[in-house]
Amino acid sequence: MQKIELISIDKAYEVGNPIIENLNLNIDDGSFTVLLGPSGCGKSTILRMIAGLEKETGGEIFIGGKTMQNVEPGDRDIAMVFQNYALYPTMTVRGNIEFGLENNKIPKDERNTRIHEICDMIGITEYLNRKPQSLSGGQRQRVALARAMVKKPSVFLMDEPLSNLDAKLRSQIRTELIELYHNLKTTFVYVTHDQVEAMSMGTHIILLNKGEIMQQGSPIEIYNNPQNIFTAQFIGTPPMNILKMSDINNFKRVDDDVAYVGFRPEHVQIAPKNLSNMFAGSVLRLTGKIVTHEVLGSEILYKVETPSGVILLKIFDLSQIFEGEISVVIPEKNLCYFDHNENRIIPREIADGKQLCI
Amino acid sequence: MANNYVSDRRSQSIESRALKVNTRGETLKIIGKKALPYGLVAPSLVVFIVFMIYPMIYMIYLSFHKWNMLSDKTFIGFSNYTKLFSDPSFLEVVMTTVKFMVGTVSVSVILALILALYLKENTAINKFLQSVIFAPYIVSLVSISFIFMWMMDSDLGLFNYALNLLHLPTVRWLENPNVAIYSLVLVNVWKGVGYYTLIFISAFQSIPPYLYEAAKLDNASKTKTFFKITLPMISPTLFFITLTGIIGGLKVFETINIMTAGANGTNTLVYNLYQYGFQFHKIGYASAMGVILMVIIGILTLFYFNTLSKRVHYR
Amino acid sequence: MNQSSKLKTVLKWILNILIFLIFFVPFYWMLLTSIKSLGETLQFPPTFLVKTPHFENFKNAFEAIPFLKFTVNSIVVALGTLFFQFITVVPAAYAYARYKFKFKSIFFGATLATMMIPAQLIFLPVFLLFSKWGMINTYWSLILPYASSAFGIFMLRQTFMQVPEELIEAARLDKSSEFQIVTKIMLPIAKPTLVTLALLTFIETWNNYFWPLVMTTNDTVRTLPLGIASLRMVESGINYHTVMAGNVILIIPILIAYFFAQRHIIEAFTYMGEK
């Protein structure tokens, strides 16, 4: 169990074209930290630099307080699970799991004990003498996990380990990983582009975009309290609706710094057009026309065209399907405001305890 | 506070790195890492340079000299070349080489195409026949030459026996100067046609089947499908085979050495080169022949790669 | 089955048998002649079966030339060539596949270009080189020029490049040295390619007649194909029954290899054409 610190990290594959600049990052001891972001945001590169597979151009990485300058990947006390599993095709499952232990000069008896312990836990004992090619995707994934776990590393690095699995298996192994984390209480660093994976597994999410940290915090915090439009739209499906302040005339005068207002599709209420006044209190009212609806089982997704722009609504009331002209109501407490730089701000009026909506 | 900590660590790290780069061990390690790939490719490069590239340069040098390996080399400029080009027997050798090359390549390619079309389906019998026709390719050309020499024997050979049976006049396969070179072509075609056939078959099999399905829907005839789809799709293969066939034809030696020893109008460039170098010890003259051969192969190779890089890739 | 498709099947079988005979009869003729007596070889029309096989032809072949020596020479040269090719081809292929370095494309291009240079073009200067070094009639003159293989480097590089990067990274995380990565990961993965290349080299070396012919002036290091060729000069005229007996011995190892590793051998020989 070790904490990981990245200090002023720069990374450039070609001179003059850095993909990461002056990145500072702390990964707490024993946390399940998820590096989340769209492809090309640098999340895998960060993971690979922690592993030592990629050399940072500038800055320094510390694991457990020790500098990782010139420390080979094999000596960093880490284990990594790759997206395509990277199992050695010419070795049996046992050979795959044992390889790292042999190289670390662990005595034969202990190797056997460890292998059996881990394989029983993960449930792959019966495949020990098979070659990876004869295993299914889920089995291979488990072997890759076992290979990482058997080394008893202080840090687990995982690079999109679930993305090659089908949806059902993915959610199954996701649950298993959470259990594993609770059993091992080791630091996990997990890279993914899938916000559902991040939200469901992580204790700490670091959201990245173009090599910069957009926001970090617990899943709840990131969901409830997005600090910028990028975060607001990356977390949550469908993404947060963002409308230009200038397109909305339902507000009292708001200070000029506020450029956008946003609200989550699940935080709205919907009513036939003429009944919109039934909602009391300070609310934002929009009227519009339903373009499409998708019944998803537990909820219905509406796409609505309003004079202020197209918005998406997620309605859990399955008793009726709305059509045509409707009213949409969003409680003022659920509105997020952003400035011209797309960063979250609290308008002065709200800070003063006033209501903004007409 | 936090900021201070960061910049502190950063300057520390820069210092420590600067220190590390300066230590001797580190420097050596870095040099070692840089030199490793060169060390890895060096043995193979040494072999190629000493036994391939240097000999070619040395041959060019020798071609400007007169040398019988006993006396000293004397520089004679382009004399070997002017002598070569004015020597009618050399021109005959060139003509023989061309006959042999063109004969072998054209017959092999056409036969192989037909065989490949006939055997391209992966049935058991076809697979068996494929391995049967490929077998001669991996057998020593020395053995094959002897077998055919025996079968082509004018008096006791199997070939003439077969002609007898069919009441046809017998042929002096290896003695008749008008026939001998084509007898050698026959031997080389027999040895190589299986190789070409298998390459054509794999080229045929790599043509996506939907092309044929589309052609069928467009009501194309079989002939039209062959000329409009199959042939264009395998043209890179055809091109490759033709080139390897030509170079293979240029360098053929065993058949001639064993079956005719260059007599009866079968003396080719390579065999002539061998005779001048090893039997008549005219090293300079032989080298000049070698240089001509080298130029021919060079032009063919350049032409090949040039065309290859310009060609549209269908796949 | 209707009339025309029946005819088609018959025609097809006739054609199949014809193709088979064209490629089989010469080999059959060799086998048959190898067990005929001298008298039988001189009969015309020739006989197609042998009543009493004359296996002494093989003994005669053995006695007419230093057969054992030629065989040993063939094996030494083949194994020596294989050994040297392994130690030059594997590192080079690995470097071309996995490292970036200056002049890489020039080196690799030059390597590929040597594939176009036939032995028949450069034997004269190479002979002069070896005679200057006093190495004519040594194994070195037969092995060293073939101590590396451009084709082998090309094919093995291709195989190495197909190994996913993550596999090497996983090995590095498992604390493998660069050397271990090659021996424990890359070479086992490349085993089919290595077997194919080894077969190719063995067959080519075993069959090689030209190079031993031009690099030797006496029997010390001469190989089997030269021995077989010298059988014809034993007496006046060619004793085909003895020559064919020698031929059988020369061909049999190749045919056995072909029987067991047909797929590998065909793949090796047709690899270039299929690119």
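1. Quick notes on the overall build of chain B
Consideration 1: When you go through chain B residue by residue, the secondary structure sums to 14 helices and two strands.
Consideration 2: Among the 315 residues that make up chain B, the fraction classed as buried is 50%.
Consideration 3: Expressed as a percentage of contacts within chain B between residues at least 6 apart in sequence, the contacts between residues at least 24 apart total 64%.
Consideration 4: Accessible surface, chain B as shown: approximately 15800 Å² in total, 67% of it carbon and sulfur.

2. Comments concerning the side chain of Ser 149 of chain C
Consideration 1: Tracing the sequence through the fold places Ser 149 of chain C in the loop between α7 (139-143) and α8 (150-161).
Consideration 2: Polar contacts involving the side chain of Ser 149 of chain C include one to the main-chain amide nitrogen of Gly 152 of chain C, which spans 2.8 Å.
Consideration 3: Excluding residues within four positions of it along the chain, Ser 149 of chain C makes contact with Phe 48 of chain B together with Gln 85 and Val 89 of chain C.

3. Overview of empty space enclosed by the protein
Consideration 1: Inspection of every chain in the model, using the stated rule, returns one cavity of 30 Å³ or more.
Consideration 2: Here the largest cavity defines a volume of roughly 50 Å³.
Consideration 3: Lining the largest cavity, in full, are Ala 79, Met 80, Phe 82, Arg 147, Ala 148 and Lys 151 of chain A together with Ala 170, Leu 173 and Asp 174 of chain C.
Consideration 4: Those elements that provide at least two residues to the lining of the largest cavity are β6 (78-81) and α4 (137-149) of chain A together with α9 (165-173) of chain C.
Consideration 5: A class-by-class count of the residues in the lining of the largest cavity yields six nonpolar, no polar and three charged.

4. Overview of the interface of chain C and chain B
Consideration 1: Contacts between chain C and chain B engage 83 residues on the former and 80 residues on the latter.
Consideration 2: Roughly 7500 Å² is buried in total at the junction of chain C and chain B, and carbon and sulfur atoms are behind 80% of that figure.
Consideration 3: For the chain C face of the interface with chain B, the top three residues by lost area are Phe 23, Met 116 and Leu 121 of chain C, together amounting to 10%.
Consideration 4: If you look at where chain C meets chain B, you find zero salt bridges.
Consideration 5: Here chain C and chain B share 13 residue pairs in polar contact (both at pLDDT 80 or more) between them.
Consideration 6: The element contributing the most residues to the side of chain C that touches chain B is helix α1 (residues 3-34) of chain C, with 14 residues.
Consideration 7: The class makeup of the residues in the side of chain C that touches chain B is 64 nonpolar, 15 polar and four charged.

5. Some thoughts on the domain arrangement of chain C
Consideration 1: Along its sequence, chain C is organised into domain 1 (3-56) and domain 2 (65-231).
Consideration 2: Spacing between the C-alpha centres of domain 1 of chain C and domain 2 of chain C amounts to 38 Å.

6. Quick notes on the confidence of the model for chain B
Consideration 1: Here chain B averages 87 in pLDDT, while 90% of its residues score no lower than 70.
Consideration 2: In the predicted structure, residues 1-22 of chain B sits below a pLDDT of 50 and forms 26 contacts with residues beyond four places in sequence or in another chain.

7. As for the sheet that holds strand β16 (residues 309-315) of chain A
By definition, the strands of a sheet pair up through backbone hydrogen bonds, in either a parallel or an antiparallel sense.
All names here are of chain A.
Consideration 1: Taken together, the five strands give an open sheet; going across it, the order is β13-β17-β14-β15-β16, and neighbouring strands pair in antiparallel fashion. The open sheet terminates on both sides in strands that have one partner only, identified here as β13 (269-272) and β16. The average angle at which neighbouring strand axes cross in this sheet is 40 degrees, direction not considered.

8. Description of the domain arrangement of chain B
Consideration 1: Domain assignment breaks chain B into domain 1 (2-45) and domain 2 (79-311).
Consideration 2: Taking only C-alpha atoms, the centre of domain 1 of chain B and the centre of domain 2 of chain B are 57 Å apart.

9. Regarding the packing of helix α10 (residues 178-189) of chain C against helix α11 (residues 191-207) of chain C
Consideration 1: In the contact formed by α10 of chain C and α11 of chain C, the axes pass within 4 Å of each other and the chain directions differ by 65 degrees. Mapping the contact onto sequence places Leu 187, Pro 188 and Ile 189 of chain C in α10 of chain C and Lys 191, Pro 192 and Leu 194 of chain C in α11 of chain C.

10. A short note on the sheet that holds strand β18 (residues 336-338) of chain A
Residues and elements named next belong to chain A.
Consideration 1: With antiparallel pairing, three strands are arranged side by side in an open sheet as β11-β12-β18. At either margin of the open sheet sits one strand with a lone partner, and together these are β11 (241-244) and β18. Neighbour to neighbour, the strand axes of the sheet diverge by 25 degrees on average, direction disregarded.
Consideration 2: Across four bridges, the pairing between β11 and strand β12 (residues 260-263) is antiparallel. Bridge assignment links Asn 241 to a residue of β12, and that residue is Phe 263.

11. Focus on α4 of chain A
Consideration 1: The terminal C-alpha atoms of α4 of chain A, which comprises 13 residues, lie 18 Å apart, in line with the 18 Å expected from a rise of 1.5 Å per residue.
Consideration 2: Within α4 of chain A, burial applies to Gly 138, Gln 139, Gln 141, Arg 142, Val 143, Ala 144, Leu 145, Ala 146, Arg 147, Ala 148 and Met 149 of chain A.
Consideration 3: In this structure, the buried side of α4 of chain A is in contact with β6, α2 (93-103), α3 (108-122), β7 (155-159) and α5 (167-184) of chain A together with α9 of chain C.

12. Considering the pattern of salt bridges
Consideration 1: In total, this model carries twelve salt bridges over all chains according to the counting rule given.
Consideration 2: As a salt-bridge pair, Lys 108 of chain A and Glu 98 of chain A come within 3.5 Å of each other at their nearest N and O atoms. Note that Lys 108 of chain A is positioned in helix α3 and Glu 98 of chain A in helix α2, a separation of ten residues in sequence.
Consideration 3: Lys 108 of chain A gets classed as partly exposed once you look at its relative accessible area, which sits at 45%.
Consideration 4: Overall, Glu 98 of chain A belongs to the buried group, its relative accessible area being 6%.
Consideration 5: Salt-bridge contacts for Arg 98 of chain C lead to Glu 165 of chain C; the nearest nitrogen and oxygen are separated by 2.5 Å. Separated by 67 residues along the polypeptide, Arg 98 of chain C in helix α4 (residues 67-98) and Glu 165 of chain C in helix α9 bring together distant segments of the chain.

13. Re helix α11 (residues 235-250) of chain B
Consideration 1: In this model, α11 of chain B (16 residues) spans 22 Å end to end at C-alpha, consistent with the 22 Å of a helix rising 1.5 Å per residue.
Consideration 2: Residues of α11 of chain B that are buried: Thr 237, Phe 239, Phe 240, Ile 241, Leu 243, Gly 245, Ile 246, Ile 247, Gly 249 and Leu 250 of chain B.

14. Quick word on the environment of Gly 123 of chain A
Consideration 1: With respect to the secondary-structure elements, Gly 123 of chain A resides in the loop between α3 and α4.
Consideration 2: Taking C-alpha positions, Gly 123 of chain A is 49 Å from Val 304 of chain A, a pair spaced 181 residues apart along the chain.

15. Here's the deal with the interface of chain A and chain C
Consideration 1: At the interface, 24 residues of chain A touch 16 residues of chain C.
Consideration 2: A buried area of about 1700 Å², summed over both sides, lies between chain A and chain C, and 58% of it is on carbon and sulfur atoms.
Consideration 3: At the boundary of chain A and chain C, one finds three salt bridges.
Consideration 4: Across the pair Lys 151 of chain A and Asp 174 of chain C runs a salt bridge, and its minimum N-O distance is 2.8 Å.
Consideration 5: Elements with a minimum of two residues in the side of chain A that touches chain C: α1 (43-51), β6 and α2 of chain A.
Consideration 6: For the side of chain A that touches chain C, the element with the highest residue contribution is α2 of chain A, accounting for three residues.
Consideration 7: Its residues placed into classes, the side of chain A that touches chain C shows twelve nonpolar, seven polar and five charged.

Each value, and the rule that gives it
- Residues numbered from 1 in each chain as written.
- Chains lettered and ligands numbered in written order.
- Predicted model: local features only at pLDDT ≥ 70, side-chain atom pairs only at ≥ 80, totals over all residues.
- Heavy atoms only, no water.
- Helix = DSSP H or I, 4+ residues; strand = E, 2+ residues; numbered from the N terminus.
- Buried < 20%, exposed > 50% of the residue type's maximum accessible area, 1.4 Å probe, protein only.
- Contact = heavy atoms within 4.5 Å.
- Areas by Shrake-Rupley, 256 points an atom, 1.4 Å probe, with all protein chains shown as cover.
- Polar contact = N/O pair within 3.5 Å; in protein donor to acceptor, adjacent residues only side chain to side chain.
- 1 Å grid on protein atoms, 1.4 Å probe; cavity = no way out; pocket = protein on both sides within 12 Å on 5 of 7 lines; lining within 4 Å.
- Points joined across faces, edges and corners; volume = space filled by probe spheres on them.
- Nonpolar A, V, L, I, M, F, W, Y, C, P; charged D, E, K, R; others polar.
- Buried area = accessible area lost by both parts, 1.4 Å probe.
- Salt bridge = Lys/Arg side-chain N within 4 Å of Asp/Glu carboxyl O.
- Domains from an automatic or database assignment.
- pLDDT = per-residue confidence, 0-100.
- Pairing = 2+ DSSP bridges.
- Axes fitted to C-alpha atoms, helices over the stretch in contact; angles between N-to-C directions.
- Expected span 1.5 Å × (residues − 1).

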